[in-house]
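An overview of the molecular structure
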Amino acid sequence: MSSAPSDCRFDVTRRKTFSQLLGSRSRKQKRRCSSELVPREAVVRLMKHHQNLGDLLLEVTGSGSERDGVDSDDHNAGTPARGSFIASVFREQALMKDMPPGLLTARTAVEKIQQIEQLGLTPRHTVMLDADQRGKLVCLLQSLRELMSTGMLSRLQFREEIWKAKEVPMLEVVWHLQKENIVSLEELVTSNPDVTFAVRWLFDNLCLLCSEAEDQYQHQDIPRQILSDIVAELVGNGFKESNNLESDRKERQFSQVCFEVLNRMLLWLLDNLCKENETEGASVERATQFWLNVFDTALFHGTLSPDLLKQFFYHTLTQILTFNPVLEASDAIRMQGEWCFAKTKILLTTLYRKIFVLFSAEELIVHLRQVLETHEVNWQNVLSCASTLLVCQPPTQQLLKELLANLLTNSFENYELESIITAFLLVRQAAVEGPAVFISYSEWFKKSFGSANGYHGGSKKALIFLLKFLTDLVPFETVQYLKVHILHPPYVPSKYRALLLEYVSLAKTRLADLQASVEDMGLYEDLSTAHEAPKPQCQALQDVEKAVQIFETTGKIPASVMEASIFRRPYYLARFLPALLVPRALPDSLDSHMAFIDSLKRADKIPDTMYASYIHACNREKQQQLEGVSTFEAMDHGREPIEVLSAALEELRKVAIDPSKTDVVSAQIAVISGQLKTMIDDEDHCTAMDKPIQLDTVVDSLGPLEMEVRDLLLKSFCQTFLVVSSFNPPQRQGEWASLFVKMLCGHRRLLSAVLLRVLHLTCRQASSLSDVHVLGLAGFTLHIHILRISLSVESLQSAGKEEVSFVNHLNQSLVCRTGECSTFCLRFCTAAVAYAVCLSSSRCSSALDVVQQFVPPVFMQKLQYVIPRLIPKCRRDHDVVVEPIWINLVGLHLNWTAAAISLFKHHTFKELAEMKHFQLTFYDWLMFELEVQPHGDLLSDVDRQEYQHWACYQHYLPSPLAAGGCGGDLLTACRTIINSLMDFSKRAKVQSFEEFSCSRRPSFNRSSYENIICRLQEMVFDLESVRAKAPREDGHFLLDVFLDRRAKLELQTLSKQIEQQIELQLFTRILVALPPCVLFKTRIDGLKTTLECEEFFHFTNAELRNGYCKEFVLPFHIVSHFFRGLLNASVHCEKPSSAVDGILSNSKVRCPLLMLSATYWWARLEPVLCTQWKRSSDTPFPRELQTMLDSQLWASRLLVGKLESGPPCCPWVLGAFLYFTLQRGNSLKMLQTAMREICAENKEFQVSVLYLTLMHLVSSLLQPKETSDLTVPLKTCADMIMILEEQNQPWLDIFMVVNKDYKPHQILFSMISDVERKLLPIVFYSLMIILDPKLVSSVIKHSDFLFVAITLHSAMVKLFLDGENIIPVSDQPDLQNSNQPDPLELITKGRRFLLRVIPSCSGQIISQHNKLQAVCKDIDLELKASLDHQLQLCAGDGLYSEPTLL
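Everything numeric here is computed off the predicted structure, so don't read it as measured data.

1. A short note on the overall build of the chain
When you go through the chain residue by residue, the secondary structure sums to 69 helices and 4 strands. Burial statistics for the chain: of 1446 residues in total, 50% are counted as buried. Within the chain, counting contacts between residues at least 6 apart in sequence, those at least 24 apart form 76% of the total. Accessible area of the chain: about 68700 Å², with a carbon and sulfur share of 53%.

Now the structure itself:
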């Protein structure tokens, strides 16, 4: 007995469950003596007779075992045993009560569920459990699962007992039963034979769920889970395919129940939407909002297929459009103006938008048409749906136009009234949403019925059908639509005019009944909407403002005013003129308003008496105003206007702190605007906001007061911005800043002054701006960007002006040339972008779309450049954060570095940076980096190199092309760098010219051009090591860049030709900065390595020959670059000398200009090449180079008088060495000796020397007249011709390059440019007119002389007629050299020369009459007559027997 107290204490401190008590009893059984068996059995029998089976189900739980300290492993292991134990207890109880064990278990479970539902403080009529009830239910369900596993709980009996109970379980209980797989909703519903009751029960519970969902604060996710699972079950079974339901009656029954419940819930929803604004609307609105979650596709988490969801949404949309169709079409015509998107109940538009998510605009339009054709509809819902669809899905606009066209076509083909009614209702509803959504109703009506091609123009029957329809509409029409039909009537043939007049008469009668009149309608009244028209007086004032504005722009009286003075005279005299002639104090200088009045007076559109009264009233007004001013000045001792404005701005600063006081802020800004109007007369207040602002018109015209007001406004904005930001982040600051900037837009002169001041501060005083100024200016600039304010500035590309946004114009000045500029860019752009990101978060839940509209792309690109450059940490750290970014921009000492890092890591910034128009591409980065001036950069040379390496190799090179990178392609990187270098150089030249014209020191050379060239050299070196092992490819990656750029230029205009020459110079500058071996391709074929240079040969012949030659040779740096590259590349070949010889031999034929230029520069080139060859090879000098060396030595010896035969060499190369050597030594007279004594037998050598003398003469012609001297080249050419004539050598064919079909001397001709070729006729006749007569007599004896002379004369005339002024003209006529020919004078002398020599060329005329006949069509009549006469003389002498063909 001593143990009893301890046992009692144990029971108190450690309460055990029934099963634990029994378990402990069995374990102690062996220790007990036999005398205890009898009491034990008695206790067991007692407990069996008084057991509470419901409590037993709750006791056997996992939580109970844990609470009692039982080990969890033992508990889990004992779970089947406990289930067996509970089952044994229920069997014993069932046996004692003489009933089936399964029935007892089911009945006990249902009773326990009802007991749980009755616990707690929640009312009975509810569907949700509280926390305590929910915990007990979980315990019960665990026991039920154990009983089901032992077969003691039958689903069928359990369902039957549920329906037999007094109260059906709560919806949450049913949900738990289904979730725990005890009884599904389908099993429960199908087990009830009363389908109607099941539908009503489920519908009522869903309604209660929606009503109670907002009250479940502790378990807000449970109602959504219940809704999701239940609705998924309803939709999944209610919209199954019918063929899947034919076999099972219960499935069909359940599908019917699901469909009916969803229908009832939809009707309940629509009923609630109608009650949204009634007294009971608060609770109803919350319930409705909860049920709207059903239409969130994310709610189902993929449990339903898209097809099922579409069927459900289609059905829902149909039910909405056909719900309670009590309104007739006539009611819709009268009331549809109130059904626009803005006035539609927000819950209904939300429902529409959720439904629209699954469908395209085309699918929705098709479904809308099907419903309209097959159902009686609720017109309010149909039209509000159409408005929502148009506003939310822009593609619908075009689809609606197509639908309207189909409806009207069908209507007038079948004379179907319903189609035309539908079309008119839809188009009017669309027009109500404004021009941004759909065209105006008046415009649509004119397009559809205003011409003979309209829908009604096919027949008289169609016309009568339209007019009858419009007539039937008259009793229901609003004023605006009647006015449209009267002022823009449908097209009617003249013979049916009476039909239209009947309608017009009826419409005017209706307008009179509505106390409206067409005569009172304004000239510029908006007829596109159904809103109530303004009062006649107000409309007249608006018409006057619009008419004055048009007059100011065009200088002419608007046509609408002239028409009104004739056809609408009552309105013109009674409304328009009184509004125009309002008395006022006339200004000293004629303004646009008075000029308009004078124009009307001169056109006799203002009666004399009315005009005289107006002038008299104006004079009286001016006198009264003067008297009033003097009295005021004598009496007023108040504040100055600027003090009043300052006080109003101070008051705005106080009220802007509270964002909830929107009305107070708006009122205060209106006060400020009114004060500005009294202080500064701005006549531009009627100008549209989207009209560009002319900044240059404000620069010199601001008075002292205007400048003071400008500075006060900007200062006040910055101060208010700082004060408000210290209290609230941007997303909670209200609309004060937006309203302030919009108010300024109404004062365009002041706005122009403020914008000009912002540009001046940010561009010229950036370093002196404090943090307050930077924040305020950034916020102001952002709101200007949001309003899309644009400027009209001078265009660099065209002679006129171009429209550019203010932000883009400002960005052009936010350059990062120096460290000071870069720091300011960092501060300003960080503030602007951070403000935009924060501000956009208050506008929309998915703020990214709004951010795109708020954030200026140019500022985003600037930040992506400057932040990694100035903050090395951002180059490595790629973390994404969502922490607030504005917190670093608030306080007395702003941490700009922390703010920039926070913004750079922000997820919104990262998402924007991935969008194309916000990306900083590799090209953009290069253009920014090229702007940097190394001497003023914050980065040292080493740091700058490290940064550029990171940007090129670590950031942009591996980045994909879509992200603005190079996709890992070195070739793409090199091309991008070359393009950026050329574009930057072109832009820098333009900027340098502008700075020079503005007397500022040019900044062209102060850039990072050399740094970027170094990066290009590194990449080209890496690329060359890869290309050497790559397979053969066409083209050359460097030269292809230039060719691609040239292909984009239209070279027809002179400006484009000049631009192409500039591009060639810039590209060549880049080319010679790269390793010279890049010009060559190394090909490895087996064991043999060869060199190729075809692309550079082609580039030289096509581009350098025409655009980069000076004195008919290439510049030294290009020639040297080629030869050094050749020697470097030859080292990779097995026989370097052979490789060099092969390339040079090929160049004599394929690119002779290179070899000609080498002979010209050989004196400078030879030591470079010799040194390089000795450094790279021990072999003898290559044969071709040695030959050139020998040729130069021979020419040099000849210069000092040593006459000897030339070395074996190409004749024209040897001639070039001789000519250039003598030219440099001013010893061209020695050419005669060399030609006569050394090279008399070498015809090709002599012709090449003549060619070079001719090219010297051509280059002299191309020089400006004040610097050129033609005496020496003319004399040299004449001497060469004389020598060739002495030796009887043919030479005239050298001039036939003007004939494209002439082939001789092609190598020589390929050396000269196209411009030089065009000058050959001028050179020819310049020589002919100065040659000795004896020499001329010898020349004309050549058999082809006359043909060559006439051909060249025709080419010279054509050159003059085409207007190609190839020969430069001096700006100083007194300095013109008399030796240089005048083109027109030369043509005249050439014709005289031909007329003089034609009689001496009879033989040529006879033998070449066919060729002469072909060229005579291009000469003047006098020459043609001379040739014809000479042929006739030859024929008369019997020398020619055929008739003349000329």
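2. Concerning helix H20 (residues 379–392)
In this model H20 runs 20 Å from its N-terminal to its C-terminal C-alpha over 14 residues, within 8% of the 20 Å that 1.5 Å per residue would give. With 11 of 14 residues buried, H20 lies mostly within the body of the structure. Those residues of H20 that sit buried are Trp 379, Asn 381, Val 382, Leu 383, Ser 384, Cys 385, Ala 386, Ser 387, Thr 388, Leu 389 and Leu 390. Buried-residue contacts for H20 involve helix H16 (306–321), helix H17 (329–335), helix H18 (346–356), helix H19 (361–374), helix H21 (396–414) and helix H22 (417–432). With a side-chain oxygen positioned 3.1 Å from the backbone nitrogen of Gln 380, the residue opening H20 is Asn 378.

3. Regarding the pattern of salt bridges
Within this structure, the stated rule accounts for 34 salt bridges. For Glu 1063, the salt bridge identified is with Arg 1045, shortest N-O distance 2.7 Å. Pair noted here: Glu 1063 is in helix H50 (residues 1054–1071) and Arg 1045 is in helix H49 (residues 1037–1047), with a separation of 18 residues, a long-range link. Judged by relative accessible area, Glu 1063 falls into the buried class, the value being 3%. Where Lys 1148 meets Glu 1184, a salt bridge forms, and the shortest distance between an N and an O atom there is 2.7 Å.

4. Topic: the environment of Pro 1290
As for its placement among the helices and strands, Pro 1290 is situated in the loop between helix H60 (1271–1286) and helix H61 (1306–1309). Look at Pro 1290 and you get partly exposed, because its relative accessible area is 38%. Between the C-alpha atoms of Pro 1290 and Lys 1243, which are 47 residues apart in sequence, the distance is 8.6 Å. In contact with Pro 1290, not counting residues within four places along its chain, are Lys 1243, Val 1247 and His 1342.

5. Observations regarding unusual backbone geometry
Of note in this structure, Arg 788 is not a glycine but carries a positive phi near 60°. Within the element layout of this structure, Arg 788 appears in the loop between helix H37 (771–786) and strand S1 (790–794). Of note, the phi angle at Asn 1288 is positive, near 55°, even though the residue is not glycine. In this structure, Asn 1288 sits in the loop between H60 and H61.

6. Observations regarding the nonpolar core
In this structure, Phe 1096, Phe 1122, Phe 1295 and Phe 1345 are the most contacted members of the largest nonpolar core, which totals 261 residues. Counting 148 residues, the second largest nonpolar core, distinct from the first, contains Leu 188, Ala 329, Tyr 352 and Ala 423.

7. Quick look at the side chain of Thr 322
Looking at the element boundaries, Thr 322 is found in the loop between H16 and H17. Thr 322 sits in the buried class, given a relative accessible area of 17%. Here Thr 318 takes part through its backbone oxygen, which lies 2.7 Å from a polar atom of the side chain of Thr 322. Here Thr 322 is in contact with Val 371, His 375, Glu 376, Val 377 and Asn 378, once residues within four sequence places are set aside.

8. Quick notes on the packing of aromatic side chains
Going through the model one piece at a time under the given rule, you end up with 59 aromatic pairs. Arranged with centres 6.0 Å apart and planes meeting at 65°, the rings of Tyr 1219 and Phe 1220 form a pair that is edge-to-face. Here a set of aromatic residues connected by ring pairs shows up, and it is made of Phe 412, Tyr 415, Phe 424, Tyr 441, Trp 444, Phe 445, Phe 449, Tyr 455, Phe 465, Phe 469 and Tyr 481. The ring of Phe 904 is capped by Lys 910, whose NZ or CZ atom sits 4.5 Å from the centre of that ring.

9. Section: the packing of helix H34 (residues 704–727) against helix H35 (residues 736–745)
Running from amino to carboxyl end, H34 crosses H35 at an angle of 170°, the nearest separation of the two axes being 11 Å. In terms of orientation, H34 and H35 fall into the roughly antiparallel class. Note on element contacts: H35 touches H34 through Trp 736, Ala 737, Phe 740, Val 741 and Leu 744, opposite Leu 713, Phe 717, Thr 720, Phe 721 and Val 724.

10. Section: the environment of Leu 514
Structurally, Leu 514 can be placed in the loop between helix H26 (497–513) and helix H27 (536–554). With relative accessibility at 32%, the residue Leu 514 sits in the partly exposed group. For the pair Leu 514 and Val 479, spaced 35 residues apart in sequence, the C-alpha to C-alpha distance is 7.4 Å. Among residues more than four places away in sequence, those in contact with Leu 514 are Glu 477, Val 479 and Leu 482.

11. Regarding H16
End to end, H16 covers 22 Å across 16 residues, agreeing with the expected 22 Å (1.5 Å per residue, within 8%). Every buried residue of H16 is listed here: Leu 308, Leu 309, Phe 312, Phe 313, His 315, Thr 316, Leu 317, Thr 318, Ile 320 and Leu 321. Where H16 is buried, its residues meet helix H13 (221–238), helix H14 (249–274), H18, H19 and H20.

12. Observations regarding the side chain of Ser 1248
Within the fold, Ser 1248 resides in helix H59 (residues 1243–1262). One polar contact links the side chain of Ser 1248 to the main-chain carbonyl oxygen of Phe 1245, over a distance of 2.6 Å. Aside from chain neighbours lying at most four places away, what touches Ser 1248 is Pro 1211, Trp 1212, Gly 1215 and Leu 1308.

13. Regarding the confidence of the model for the chain
Averaged over every residue, the pLDDT of the chain is 78; residues scoring 70 or more account for 78%. Confidence over residues 683–688 falls short of pLDDT 50; this stretch has 8 contacts with residues more than four positions distant or in other chains. Throughout residues 1438–1446 the model reports pLDDT below 50, and contacts reaching past four residues in sequence, or to other chains, amount to 20 contacts.

14. Quick look at the environment of Pro 475
Looking at the element boundaries, Pro 475 is found in the loop between helix H24 (460–473) and helix H25 (479–487). Looking at Pro 475, the relative accessible area reads 46%, which means it is partly exposed. Placed 141 residues apart in sequence, Pro 475 and Arg 334 show a C-alpha to C-alpha distance of 9.3 Å.

15. So, a nonpolar patch on the surface
Nonpolar side chains collect at one region of the surface, where Phe 1360, Leu 1361 and Leu 1384 lie side by side and expose about 320 Å² of accessible area between them. Given the relative accessible area of 40%, Phe 1360 is considered partly exposed.

About the thresholds
- Residues numbered from 1 in each chain as written.
- Predicted model: local features only at pLDDT ≥ 70, side-chain atom pairs only at ≥ 80, totals over all residues.
- Heavy atoms only, no water.
- Helix = DSSP H or I, 4+ residues; strand = E, 2+ residues; numbered from the N terminus.
- Buried < 20%, exposed > 50% of the residue type's maximum accessible area, 1.4 Å probe, protein only.
- Contact = heavy atoms within 4.5 Å.
- Areas by Shrake-Rupley, 256 points an atom, 1.4 Å probe, with all protein chains shown as cover.
- Expected span 1.5 Å × (residues − 1).
- Polar contact = N/O pair within 3.5 Å; in protein donor to acceptor, adjacent residues only side chain to side chain.
- Salt bridge = Lys/Arg side-chain N within 4 Å of Asp/Glu carboxyl O.
- Core = buried A, V, L, I, M, F, W, Y, C linked by side-chain atoms within 4.5 Å.
- Phe/Tyr/Trp six-rings, centres within 6.5 Å; stacked < 30°, edge-to-face > 60°.
- Lys NZ or Arg CZ within 6 Å of the ring centre and 35° of its normal.
- Axes fitted to C-alpha atoms, helices over the stretch in contact; angles between N-to-C directions.
- Parallel < 35°, antiparallel > 145°, perpendicular 65-115°, else oblique.
- pLDDT = per-residue confidence, 0-100.
- Patch = residues over 30% accessible without salt bridge, like charges linked within 9 Å, V, L, I, M, F, W, Y side chains within 5 Å.

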